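This is what each chain is made of:
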Amino acid sequence: GAGVSQSPRYKVAKRGQDVALRCDPISGHVSLFWYQQALGQGPEFLTYFQNEAQLDKSGLPSDRFFAERPEGSVSTLKIQRTQQEDSAVYLCASSLAVGGATNEKLFFGSGTQLSVL
Amino acid sequence: AQSVSQHNHHVILSEAASLELGCNYSYGGTVNLFWYVQYPGQHLQLLLKYFSGDPLVKGIKGFEAEFIKSKFSFNLRKPSVQWSDTAEYFCAVSVNYGQNFVFGPGTRLSVLP
């Protein structure tokens, strides 16, 4: 597609429910990032993939959060046993950078707004 | 750990006024600096970036930013704002070849017609 696509756009979950958020990056983009953005805050880094390799997951807040990108394209962020504090917008971004070159520009999706009741 | 601070949470200006949004970062090594903008209802998009060379960088829509290394600052400026500049502005720093981008908390700009 023309841009980074995320689905669903909105997700309402009951506390304790598992959720899966999907990201379709721009075709050919090597790098993929997940960010969490709480209301009134800037995006907070969660994890980074280079192709299928998860090179940095230092931002994942707990072991309830899990991300994968098995074929180096589509990525899924899974949150198990959701809590109210997980309510936020989850942003996905991709970048073309290859071969260790610097990621110069991130292309963001519109995000998934997760509300945990 | 790297961090980015933005001086103002919400700025309100009239059209044609000049704009300066402050950004400071904390990191001792080589950094790349960015300003991203989020217009109402739209996704985040790149406004401008600094990697090396001339510390005064120009971006889209008449925006520019100046990197002052001694002050760890990367302030965003525009000589004359328009109503269409109403948006949220985020300063960001990347390290480790762009494998980690750290964003500031954002500044909401409201331009009154």
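Refer to the preceding data block for the structure.
Below: a short report on this structure. Computed from a predicted model, the values in this text were never measured in an experiment.

Each value, and the rule that gives it
Residues numbered from 1 in each chain as written. Chains lettered and ligands numbered in written order. Predicted model: local features only at pLDDT ≥ 70, side-chain atom pairs only at ≥ 80, totals over all residues. Heavy atoms only, no water. Disulfide = S-S within 2.5 Å. Helix = DSSP H or I, 4+ residues; strand = E, 2+ residues; numbered from the N terminus. Buried < 20%, exposed > 50% of the residue type's maximum accessible area, 1.4 Å probe, protein only. Phe/Tyr/Trp six-rings, centres within 6.5 Å; stacked < 30°, edge-to-face > 60°. Lys NZ or Arg CZ within 6 Å of the ring centre and 35° of its normal.

1. Examining the state of the cysteines
At step 1: Per the stated rule, a full pass over the model turns up two disulfides over all chains.
At step 2: Through a disulfide, Cys23 of chain A is tied to Cys92 of chain A; the S-S separation comes to 1.9 Å. Handedness here is read from the sign of the S-S torsion; for Cys23 of chain A and Cys92 of chain A, about -65°, the answer is left-handed. Note that Cys23 of chain A is positioned in strand β3 (residues 19-24) and Cys92 of chain A in strand β9 (residues 88-95), a separation of 69 residues in sequence.
At step 3: Here Cys23 of chain B connects covalently by a disulfide to Cys91 of chain B, the sulfurs 1.9 Å from one another. Since a negative S-S torsion denotes a left-handed disulfide, the Cys23 of chain B-Cys91 of chain B link at about -65° is left-handed. Taken together, the residues Cys23 of chain B in strand β4 (residues 23-26) and Cys91 of chain B in strand β10 (residues 87-95) connect sequence positions 68 residues apart.
At step 4: By relative accessible area, Cys91 of chain B is classed as buried at 1%.

2. Quick look at the packing of aromatic side chains
At step 1: One pass over the full model with this rule turns up 17 aromatic pairs over all chains.
At step 2: Consider the rings of Phe33 of chain A and Phe101 of chain B, whose centres lie 5.6 Å apart with planes at 90°: the pair is edge-to-face. With Phe33 of chain A in strand β4 (residues 31-37) and Phe101 of chain B in strand β11 (residues 100-103), this pair bridges two chains.
At step 3: Taking the centre distance of 6.0 Å and the plane angle of 75° together, the rings of Tyr35 of chain A and Phe45 of chain A count as edge-to-face. One end of the pair, Tyr35 of chain A, is in strand β4; the other, Phe45 of chain A, is in strand β5 (residues 44-50), with 10 residues separating them in the sequence.
At step 4: A network of ring pairs unites the aromatic residues Phe33, Tyr35, Phe45, Tyr48 and Phe108 of chain A together with Phe34, Tyr36, Phe51, Phe101 and Phe103 of chain B as a single cluster.
At step 5: Directly above the ring of Tyr10 of chain A sits Arg9 of chain A, whose terminal nitrogen or CZ lies 5.2 Å from the centroid.
At step 6: The lysine or arginine in question, Lys49 of chain B, covers the ring of Phe51 of chain B, its NZ or CZ lying 5.6 Å from the ring centre.

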